[in-house]
Structure formats: C-alpha cells, structure tokens
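# Secondary and tertiary structure notes
As a plain string of letters, each chain reads:
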Amino acid sequence: ALVQMHHLLLDHTGLEVVLGEITALLRGEEDRLPPPLPFRNFVAQARLGVPRQEHQRYFAALLGDVSEPTAPFGLLDVRGDDTGAVAAREVRAAVDQQLAARLRERARALGVSPATVFHLVWARVLAAVAGRDDVVFGTVLFGRMHAGPGADRVPGPFMNTLPVRVDTGAAGVADAVAAMRDQLAALLAHEHAPLALAQQASGVPASAPLFTSILNYRHSRRPSPGTAADPAGIEMLFTRGGNNYPLAVAVDDLGTGFGLMVQAVESADPEQVCAMMQTAAENLVAALEEAPATPLYAVEVLGEAQRQQILAGQTDTAAGGVHEMVAARAARVGDAVAVVCRMVAWTYARLEERANRLAHLLRGAGAGAETVVGLSLPHGTDMIAAVLAVWKAGAAYLPLDPGYPPQRLAFMLADSQVTLVVGTADALGDLPLGRIRTITVDDPAIADALRAMPPVAPRVPVAAGQLAYVMYTSGSTGVPKGVQVTHNGLVNYVATAPGRAGLGEPGGRYALLQPPVTDFGNTVMFTSLVTGGVLHILDPAIVTDPHAVAGYLAGHSVDYVKVVPSHLAALASGEGLAQLVPAKTLVLGGEAIAPGLARELAAVAAGRGLVNHYGPTETTIGVATARLGPGDLAGGVVPIGSALQGTKLYMLDSHLRPVPAGVAGELFVGGAQVARGYARRPALTAERFIADLFAGDGSRMYRTGDRARWTAGGVLEFCGRADDQVKIRGFRVEPGEVEAVLTAHPGVARAVVVAREDTPGDKRLCAYVVPAGGDGVTADWSGNGGPAGPELAAPELASTVRVFAAERLPDHMVPSAVVVLGALPLTLSGKVDRKALPAPDYAAASSGREPANVREELLCALFADVLGVPAAGAGVDDDFFELGGHSLLAVRLVSRVRSVLGVEMEV
C-alpha cells in the first residue's frame, strides 16, 4: 500500500491515527476503535479561541523590530513545492546515546523539556549558517493542545507553523534556556494563529519571507523503514516528507534517544547541518553542566574535523630579501636581458651594478634600516634599479607619482617620515619637499658620484620583519593609508605565488602595464627578476591604447601579463579579448571579475593559463589564486581559489568564530604576508590588524572587509564588500550578485551595480552597463572623477537588461534604473571609479514591464478599473505597489479586490 497525503488534509498525528485504524481493521479489531469526532469541532474551537487582536499584540511585541528575513545559506525561496530542481536532499542520524541521556538529565534539572533545549540548539546552528545573531525560525506546533477533548483521535490538519525568535549574541546558556522555555509556553496560547498574521506583525516587507527554515520536534511511535513487521504483518518500507522550506530540521523524540533529520535544497549541505546539530548539542549540554554563564554565541557548532578543514593553512616561509634573490639570479645569467623599456634594454649585470652603486650613495645620504626613501622616477629601468638599491641600503621605498595632487604628496611624505627622495630634476621640482634631502639621478654631479661608488653591494643585513616598502591606498575617511610591508611577507609572496599562478619560467617574457605607485604590478616585476625573465615595461602613454597594447604583446611574444579586469575590458572594447591574452598566462587581480567576462576569457584562452588572483595591499600583493577554465565558471561565480603557502584564510562571523562551508563570513588573512600595519595610524592599525586567534604564536591577522565563503570543495568564492552590502526594501543585497546576473546578458560586456540615494531616504539599486562589442570609446583614466564616457542612446538595451534581471532575480534585487555607457570610468590603478558614475534618469527607467503572470494581469486590470484607465497594455511599475496603507486609492483597490476575488483583505 502507498499512502500519500498533503498537510492541507492531514498532519503527522492524523497520519498515525489513520495507520492505526488500518492496522486495527487488518487485525479484525475495528469494533474497539472509538467513534470518530468531526473536524468541524476543531474549526469552531480555533475560531472562537484567542481573539485575533491578542495574536496581533503578541507577535507585534515579539517581531515588530525584525526588518529582514533570517535566511540560512542565503536561501530565500519559500515558494518551492519539493519537486524538480528544488527537491531537497534528506539526511538522518541518531544522537549519541550518552549525549541523549545527558541532555534529558540537564533538561530535567532546569525544569524544561528536551524540546526547549533542541530549539536552542537549532537557534545556535541557524545563527552560524545565516550569519547573524538575532534569528527567527518556524517551529511546528502540535495544534491539538487547545483543540478540545478527543482531538488526538481526529484526522485532519491541526498542526501549525509559527515563528520563534532567539538572540544568540547576549544571554548565557542557562538564561537562554529559560527564555526559550517561556517563549514556547507563551506561543502555545497562540498555536492557532495564522502565520500570515505573524508575518504582518513583523517589520519584514510583505514581499519577503520572515524566515526560511523550520524545526519540527515530534514524538514518533511509528516504526522506521526496515524494522520487522508488526503482528498485523505490516512492514514499513519507505517514508519521506517534504515541505516548501529550503531548510527543514526534525528532531524525533524516541522516548530515550533522539533522531535527527535534515532536509536541504541543493545549495545547502544537509550532512553538514546534521553534524553541526550534533556538535552544538554536545557543546550546549557541556556548557549547561559546567559553565551555565557561557554566552550562547560561544557554543561551538563546528566539529574539530570541520574546524581544522576550514582553518587549514601553511605557515612555512622563505628567508632573505627579494634583492638577494635577484642578485643570485644575476650571478648566474648576468648577460641575459633583464629589463626593456622604450627600446632600451638592460642586462642583469648592468641592473645589478647600477643598484649596487646607488645603494652606496643612499647609505652615505643616511638611508638605513627602518628609514623610508621616496622614489619619484620615470616608469622604467631607473625605477627598478632604485627599488633594489633602497633594499641593498637596508631602507624601505615609497613610490611617488608626480601626477598626484600636491596636497596628497605632501601628506604621504610627512606621514611616512621620508628622509630622502630619489628622482629626476623635473619630478623633484614638482614635489613639496621642504627640507627633505634629495638625489637627482640626471644631475651630472650625481652621475659622477655614482660612477665613483663600488660596483658591489654594501654588506647590509636585512631582518625578516624589517620594513620593505610603504604603499598608500585610499582611506574610507578620505585620508590615505600608508601600508607598511615587511621583507618576510614580500619574500614569501615571491617564493610561492609564481608557481601557483603559472608564472616563473626562466627566460619568460613579462609585460608590466601598471605604474609602481601601487603594488599590483609587483607580481610580474619581481617574478620576472627573481626567475631570470625579461621584464617589458610599457610606456604609460600607450597602456590605454588597445591597438598599441595588443601590438606590443604580439610583437614581443609576451608570455605573461597581469591586468585589472576593468582595464582589460576597456582595452578589449577596441581590440577584442583574443589579441590581449598573452602566449602562456594571463593573471587577473585588483577587483572582482564579472562572470561573463571570465567566460569569454576562458573561451579565447584555450590552452593558455587564466588565473584569478586575490589579495589586499595589506596582505602583500596577493594571498589566493584560482586557475579558471570553462568548467570552473558554470555556476555563475568566479572563484578566487585557495591560500598561498605561508598564509591562512579565515571566514569569521561577527564574534570572530569560523563559519561553516557555504556560509559567507568576513575574510581574515593570517600568516607570513600580513603587513606590519599603517604608518602613524595606531588606532586604525589596531582595528584592522588583530591577534590571530587560531595561530597560537602571537601573530596577527588582517581584517579585509571582504565577504567570502568556502565551497564544499575547499575553493574560496568572493561575495562582495562588507561595506558594499546594502539594504533594499528590508533585504540585504550584495551588488556583486546582481552584477553577475547582468553580465550574463549576451548584450552586456561589463556591469557595475551601486546603491544610490539621489533622493534622501530613497535608496535604490542602479546598474551601469557597457554593451558587448562597444564602440571602442576609451574609459576615463584621469582618476579625478571625470566624465564616465558618452551615454549611449540605447533605451532598448536598458529595457531588455532590466527585464532579463527581473526574470532571474527577486524583485528587491532588480535595479531601478539601467544606464548604458560607452565605457566605465577608471581610476589610475585601473579599477572602476564609482564616484564618477552619472546619476540615472529614474523617470525614464520606470516605464514598467508587461504583466508576468495571471495574478499580475488581474492586479493591473483592477488598478486600471480603480484609476479609470484602459487595462490593455498596462505596465507594472515597482513604485505602483508601494502605496501608503491608508491612502484612498489603496482603500478603493482593496475593496475592489475583495469584491472580485471574494477574499478577506485588510488595508
């Protein structure tokens, strides 16, 4: 026999009643069955019980300040039907018998039921997988406690699902258990309240779910599949239940032991959740036994194996300095070409000799350990030699770009405490140097002095933790931050990154497209020099010219290039991607790459290496790499890979505890490459560089401000900036997720999504897209917030992109406006200049769309009737549904819906 039932008709207890009656009939014991009671008695009991106003007051007090859904693993769809692609996977496990006994004993001692403890266990696990302390989830209520006598014998849908709210970030575990007991007891008085009423009482918008996970604590007496047949000859072969929630947890109270069942849709791992339930239960019981004041958030949910897997990383580091590695290479291949710039080529021997002589001159001018030497030299051979010379003298360098505003240069010089500046006469003349000493390399007197210096390096030891360079990055407060990078961090990078990124072949040809005022180009610059490669430094005048760059790469048979995706996209608009991929490996970094661009690159780079490289300046150039192929991009997310040797990557929650795989947390970086901190900014250094809680050796880790998550396979995925995350209509939105969808449109080459508040209090998503196969307009590279490029007359593309997004994203993630640009504005470092993006024309963008289904057609017709306008062709505008609840129009509309649909609605 096959028994199928829907919860609209029957609940779990009702099913047991039915199966029990079947068993009695098969045994010939039907005369012993009690007379059936009608379900209508329960209906009357529910309707005549607690007044609706009491339900509203209770849930308003409980949920009134909840403004966003609790969504484990980011799952928001509660409209599934457990079929097809959204079908859940199910995992079952038994709770350890000893733990079950301890849990029951502790529950009795606290005067609560085991159900109360398991509700708290799930709250703690949910906090971990939802990435928040204050969580709401559904609990399945028996529904028969206040349904009158004999209700336990009536088949029918008595059960109900109502919300429970737990703040896991404050109370101790003993107090949390007591609070949970009181909340569940109070909830029983409202067990027949409609879930819709609870949702309306919260601050979550009606278009969003209040919660997307449920806990079902149940007492089951039915045999499990595979057990022996009962006396009537009935054997349970298979049983399965489903629901519309993407994550459902059931706890079966078996009298002595407990069984766990977890159902999760494909993007979540039910085995992981089940293991976390076991771990959280073990640790919660231990805390209740030994330290009842332990905060609930401190109860670990990750088992030791899971924890070690998440925290795994290497800590071995290389020794020495990069200049020593270059010197060793020069000793072996002195006659080989090292650097080429503007048709001038230097061998390794010449580069080494120039650096050695300049190092002696720097020593004589006062350069030494922990002193900072400013470098204001052209982008070429002299700059490379000067960097090596500064290190040979024992000092650290600060790159200075004369094109920067004088105020910024003056701040950098003072903030880094520069004692000496090396530059050309023209560059030094433009710097606000004050009393800082200078060495003018194109001064004939200095040229004579250099020739008089020894051609061998001065004997200056360099300590591992000694300062190597200071690099200034933009600060969120508007004040630049000087990142202090040490020699051991740089050496670890140079010793490990090239192999991971597919670089480092002796004699390989590298192209440097970026000026040395950022650390972005250090990947190819230092990799080339320490491996005996040929470093081609492109003239800054041509790096924004697509034809010139493509011609140089082809004409010099360049093997390796590293580029910012925005820079690459700007170049590709005029030349095409195929002409910009070098012979062996293309490394991407500096910003997240759009999935669409990554797919195009993977297609044209067939047989050649394509590498995504991640790392903030504060972690010495980069700490993670991922090789990209078509198979790695099928999911619409571009991975950033795994950690380099010597570094550790941690995904942590707000309490600095590891989050499970699949859950987004803030990315922290530990290990050898963490910088010393910020120059003369002790408060900011203390905020961003904190003690590594997991290393146990007194080292520090850097708080990146980026959000990321581990996949089940141990690959890191970037989830956007923590400070870029915005709230739109009660939902938290990652703009990067929207960008990924927009760039999947065949007509879009690049997309940037920002949250704008052009009208105070009205925050909206706005998308800026560059058409595929654009007109070759070069992006603005001024870095001064200049024009974003001509806005294309492409209303059709903007409209189709918005419809495309609406078909693939929830309403709250669909941009209110789509602006089509010829090119995205870029900063000097090649990243998108978001401040230079133009304000959109919302009026032009809100032309609406056609109804997507019968429900929307009906709503449009009703609106048209109330407004007195033709229904044909009526579009749906997002603002249409944001009418004030007490407006006359809303009252008239609700009245019309009531009369047409014959349903109860409230304004």
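Note that this is a predicted model, so its numbers are computed, not measured.

## Regarding the pattern of salt bridges
One pass over the structure, following the stated rule, counts 26 salt bridges. Linking arginine 703 and glutamate 666 is a salt bridge whose minimum nitrogen-to-oxygen distance equals 3.1 Å. Here arginine 703, found in strand β26 (residues 700–710), pairs with glutamate 666, found in strand β23 (residues 665–671); they are 37 residues apart in sequence, far enough to count as distant. Its salt-bridge partner being arginine 709, residue glutamate 717 comes within 3.1 Å of it at the nearest N-O pair. Classification of arginine 709 as partly exposed rests on a relative accessible area of 27%. Through salt bridges that share partners, Asp65, Asp134 and Arg165 make up one connected network.

## Considering the side chain of threonine 168
Considering the arrangement of structural elements, one finds threonine 168 in the loop between β3 (160–167) and α6 (173–188). We classify threonine 168 as buried; its relative accessible area is 0%. At 2.9 Å, the side chain of threonine 168 and the backbone oxygen of aspartate 133 are in polar contact. Residue contacts for threonine 168: discarding those within four places in its chain leaves Ala123, Arg124, Ala127, Arg132, Asp133, Leu296 and Tyr297.

## Here's the deal with the packing of helix α4 (residues 97–110) against helix α5 (residues 114–130)
Between α4 and α5, the least distance of the axes is 8 Å, while the angle of their chain directions is 110°. The orientation of α4 relative to α5 falls into the category roughly perpendicular. Side by side, α4 and α5 meet where Leu103, Arg104 and Ala107 of the first sit next to Pro114, Val117 and Phe118 of the second. Class assignment of the residues belonging to the contact of α4 with α5 gives a composition of five nonpolar, no polar and one charged.

## Quick word on the nonpolar core
Note on soluble globular proteins: their nonpolar side chains tend to be buried together. By size, the foremost hydrophobic cluster in this structure holds 161 residues, and its most contacted members are Phe59, Trp122, Leu362 and Trp391. Take this core: its biggest share by element is 13 residues, from α5. Apart from the residues lying within four places of it in its own chain, the contact partners of tryptophan 122 are Phe137, Ser213, Leu215, Leu247, Val249, Val273 and Met277. Counting residues in hydrophobic clusters, the runner-up holds 34 residues, among them Val534, Leu538, Leu568 and Ile593.

Parameters and conventions
Residues numbered from 1 in each chain as written. Predicted model: local features only at pLDDT ≥ 70, side-chain atom pairs only at ≥ 80, totals over all residues. Heavy atoms only, no water. Salt bridge = Lys/Arg side-chain N within 4 Å of Asp/Glu carboxyl O. Helix = DSSP H or I, 4+ residues; strand = E, 2+ residues; numbered from the N terminus. Buried < 20%, exposed > 50% of the residue type's maximum accessible area, 1.4 Å probe, protein only. Polar contact = N/O pair within 3.5 Å; in protein donor to acceptor, adjacent residues only side chain to side chain. Contact = heavy atoms within 4.5 Å. Axes fitted to C-alpha atoms, helices over the stretch in contact; angles between N-to-C directions. Parallel < 35°, antiparallel > 145°, perpendicular 65-115°, else oblique. Nonpolar A, V, L, I, M, F, W, Y, C, P; charged D, E, K, R; others polar. Core = buried A, V, L, I, M, F, W, Y, C linked by side-chain atoms within 4.5 Å.

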